[in-house]
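What the coordinates show
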Amino acid sequence: MSLSSSVTAKLTGLCARFDELAVLLANGEVVADRAQFTALSKEYAELEPVSRKFQRFRQLEKDLRESTALAEEEDAELRELAAEEVADLTRALAEEEAALRRLLLPQDPNDAANVFLEIRAGTGGDEAAIFAGDLFRMYDKYAEGQGWDVEVLSHRPGEHGGYKEIVARVEGREVYSHLKFESGAHRVQRVPQTESQGRIHTSACTVAVLPEIAAIHQVAVNKNDLRIDTFRSSGAGGQHVNKTDSAVRLTHLPSGIVVECQDERSQHKNKARAMALLQARLLDESRRRQQDERAESRRHLVGSGDRSERIRTYNFPQGRVTDHRINLTLHQLEGVLEGDLNNIVQALGQEHQADQLASLGDG
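Residues numbered from 1 in each chain as written. Predicted model: local features only at pLDDT ≥ 70, side-chain atom pairs only at ≥ 80, totals over all residues. Heavy atoms only, no water.

So, on to the overall build of the protein chain. The helix and strand inventory of the protein chain stands at 9 helices and 11 strands. Counting over 363 residues, the protein chain shows a buried share of 39%. Expressed as a percentage of contacts within the protein chain between residues at least 6 apart in sequence, the contacts between residues at least 24 apart total 61%. (Helix = DSSP H or I, 4+ residues; strand = E, 2+ residues; numbered from the N terminus. Buried < 20%, exposed > 50% of the residue type's maximum accessible area, 1.4 Å probe, protein only. Contact = heavy atoms within 4.5 Å.)

This model, assessed by the stated rule, comprises 22 salt bridges. Between D108 and K180 there is a salt bridge; the shortest N-O distance is 3.3 Å. Pair noted here: D108 is in the loop between α4 (76-104) and β1 (115-121) and K180 is in the loop between α6 (175-179) and β4 (184-190), with a separation of 72 residues, a long-range link. By relative accessible area, which is 26% here, D108 ends up partly exposed. Of the residues examined, K180 reaches a relative accessible area of 12% and is grouped as buried. Linking D323 and R325 is a salt bridge whose minimum nitrogen-to-oxygen distance equals 2.8 Å. D323 sits in the buried class, given a relative accessible area of 1%. Each member of the salt-bridge network shares a partner with another, and the members are E118, R120, E165 and R281. (Salt bridge = Lys/Arg side-chain N within 4 Å of Asp/Glu carboxyl O.)

The next thing to look at is the confidence of the model for the protein chain. The predicted coordinates should not be examined in detail at positions where pLDDT is low. Of all residues in the protein chain, 87% attain a pLDDT of 70 or more, and the chain-wide mean is 84. By mean pLDDT, the top-scoring element of the protein chain is helix α8 (residues 333-337) (97), and the lowest-scoring one is helix α9 (residues 342-362) (78). Low pLDDT, under 50, characterises residues 294-308; the predicted model gives this stretch 39 contacts beyond four residues in sequence or across chains. (pLDDT = per-residue confidence, 0-100.)

The subject of this paragraph is the environment of C15. Looking at the element boundaries, C15 is found in helix α1 (residues 5-25). Taking the relative accessible area as the measure of exposure, C15 reaches 6% and is therefore buried. When the C-alpha atoms of C15 and S51 are compared, they prove to be 5.1 Å apart, with 36 residues separating the residues in sequence.

Attention now moves to the sheet that holds β1. Taken in spatial order, the 8 strands make up an open sheet running β2-β3-β1-β5-β4-β9-β10-β11, and their pairing is mixed. Each edge of the sheet is formed by a strand with only one pairing partner; in this case those strands are β2 (149-157) and β11 (328-330). Strand-to-strand twist in this sheet, taken as the mean axis angle between neighbours without regard to direction, amounts to 15 degrees. Both strand β10 (residues 320-323) and β11 contribute to a ladder of 3 bridges, which runs antiparallel. Bridge pairing in β11 links D323 to L328. (Pairing = 2+ DSSP bridges. Axes fitted to C-alpha atoms, helices over the stretch in contact; angles between N-to-C directions.)

Before going further, it helps to examine the packing of aromatic side chains. Scanning the entire structure with this criterion turns up 5 aromatic pairs. Taking the centre distance of 5.6 Å and the plane angle of 85 degrees together, the rings of Y142 and W148 count as edge-to-face. The class of Y142 is buried, set by a relative accessible area of 3%. Above the plane of the ring of F316 lies R190, whose end atom (NZ or CZ) is 4.8 Å from the centre. One residue, R249, lies across the ring of F231, its end atom 4.4 Å from the ring centre. (Phe/Tyr/Trp six-rings, centres within 6.5 Å; stacked < 30°, edge-to-face > 60°. Lys NZ or Arg CZ within 6 Å of the ring centre and 35° of its normal.)

Turning next to unusual backbone geometry. Its identity is not glycine, yet E174 carries a phi of approximately 55 degrees, on the positive side. Note on placement: E174 falls in the loop between β3 (163-171) and α6. The class of E174 is partly exposed, set by a relative accessible area of 31%. Although it is not a glycine, N327 sits at a positive phi angle of roughly 55 degrees. Along the chain, the position of N327 falls in the loop between β10 and β11.

Judged by pairing direction, the sheet is antiparallel, and its 3 strands sit side by side in the order β6-β7-β8 without closing on themselves. Taken across any chain shown, the strands that pair with only one partner, and hence form the sheet edges, are β6 (226-231) and β8 (257-261). When the angles between neighbouring strand axes are averaged without regard to direction, this sheet yields 15 degrees. Pairing of β6 with strand β7 (residues 247-252) involves 6 bridges; the strand directions are antiparallel. In the strand pairing of β7, D229 is matched with R249.

Here the focus is the nonpolar core. In this structure, I119, L135, M138, Y139, L179, Y314 and L341 are the most contacted members of the largest nonpolar core, which totals 36 residues. Taken together, the elements giving at least two residues each to this core come down to β1, α5 (126-146), β3, α6, β5 (201-211), α8 and α9. Looking at which element gives the most residues to this core, the answer is α5, with 8 residues. In this view, L179 contacts V115, Y139, Y142, W148 and V209; residues no more than four positions away in its chain are not counted. If you look at the next biggest cluster of nonpolar residues, it comprises 18 residues, including A208, L250, I257 and A274. (Core = buried A, V, L, I, M, F, W, Y, C linked by side-chain atoms within 4.5 Å.)

With that settled, consider the layout of surface pockets. Taken as a whole, the second largest pocket spans an internal volume of roughly 310 Å³. Forming the boundary of the second largest pocket are 20 residues, of which E118, R120, A208, R281 and R288 lie nearest the centre. Looking at the lining of the second largest pocket, the elements with two or more residues in it are β1, β3, β5, β8 and α7 (267-293). For the lining of the second largest pocket, the element with the most residues is α7, which contributes 5 residues. (1 Å grid on protein atoms, 1.4 Å probe; cavity = no way out; pocket = protein on both sides within 12 Å on 5 of 7 lines; lining within 4 Å. Points joined across faces, edges and corners; volume = space filled by probe spheres on them.)

Right, here's the structure in full:
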């Protein structure tokens, strides 16, 4: 496989821009303009690895052409040496090409963002709520292994354990890039503890992973569109139960979106957290509308919680986890539920990258 003419043209243009930036950054007037110098320096740093890699690629192409020509010489010893060089250069060229293609892939601007993680019980009654608790524990364990912080913003406990709904904020390095493919309907197949006949039941939960917006002005919220309610936080009792109405519920009247935060003891902090969550929800709604309008893949969208809509199945009798989007099956159910999601996260990321590379190749 070799670079297509369109990809080569794109790389050539990027390298020309890199050379242009080098000249501009040596210009005294540009250096004196701090804002312009900072912007151009950032662009230069982004293009440098692409330019260096493409230069290396072209040098390998040249070396390969020369070695291929030598491999046709009459001298047997020279031909043998040239053939070895051709094999080595061909491998090196393929590696450089793959690296170049990866460098050209569009970067998700939200990859470094913290996220709001929402888990809601769908079909299945009490068992679905228990499963929601299992999923939250799974993500909490995974976050712990990644060195991330998890802050529960609100929750509604299930009558027999787990959660009817739980919303948390996950903060750390590259959180969204790891969790962004977790959005969707998750299905569990197992025998509930309350099942006397030993029959396998199927329940479902929906998971939504929303990137936290870095700048609050990115999604404008009119104060007149908000209804703000305060109430007393629920808790397990004891000395930490709030005696004041510190919990906050925000209702966005135009969209009907309702968010609440009851984790902090300060009403001011709860309101700030709830506003950030509302903005993330509004941004997610806007993106989903765009995706629907463009008839794009629904892989990243959250389903209704119905059993028929699922991205992943956790099958207890067989001890397996299956991600239906990429036909990945792992017989590691116990480990996955203990937070060992690396194999799944990496496989989903690689599949997404493969899709992007395929689109790049078509260009």
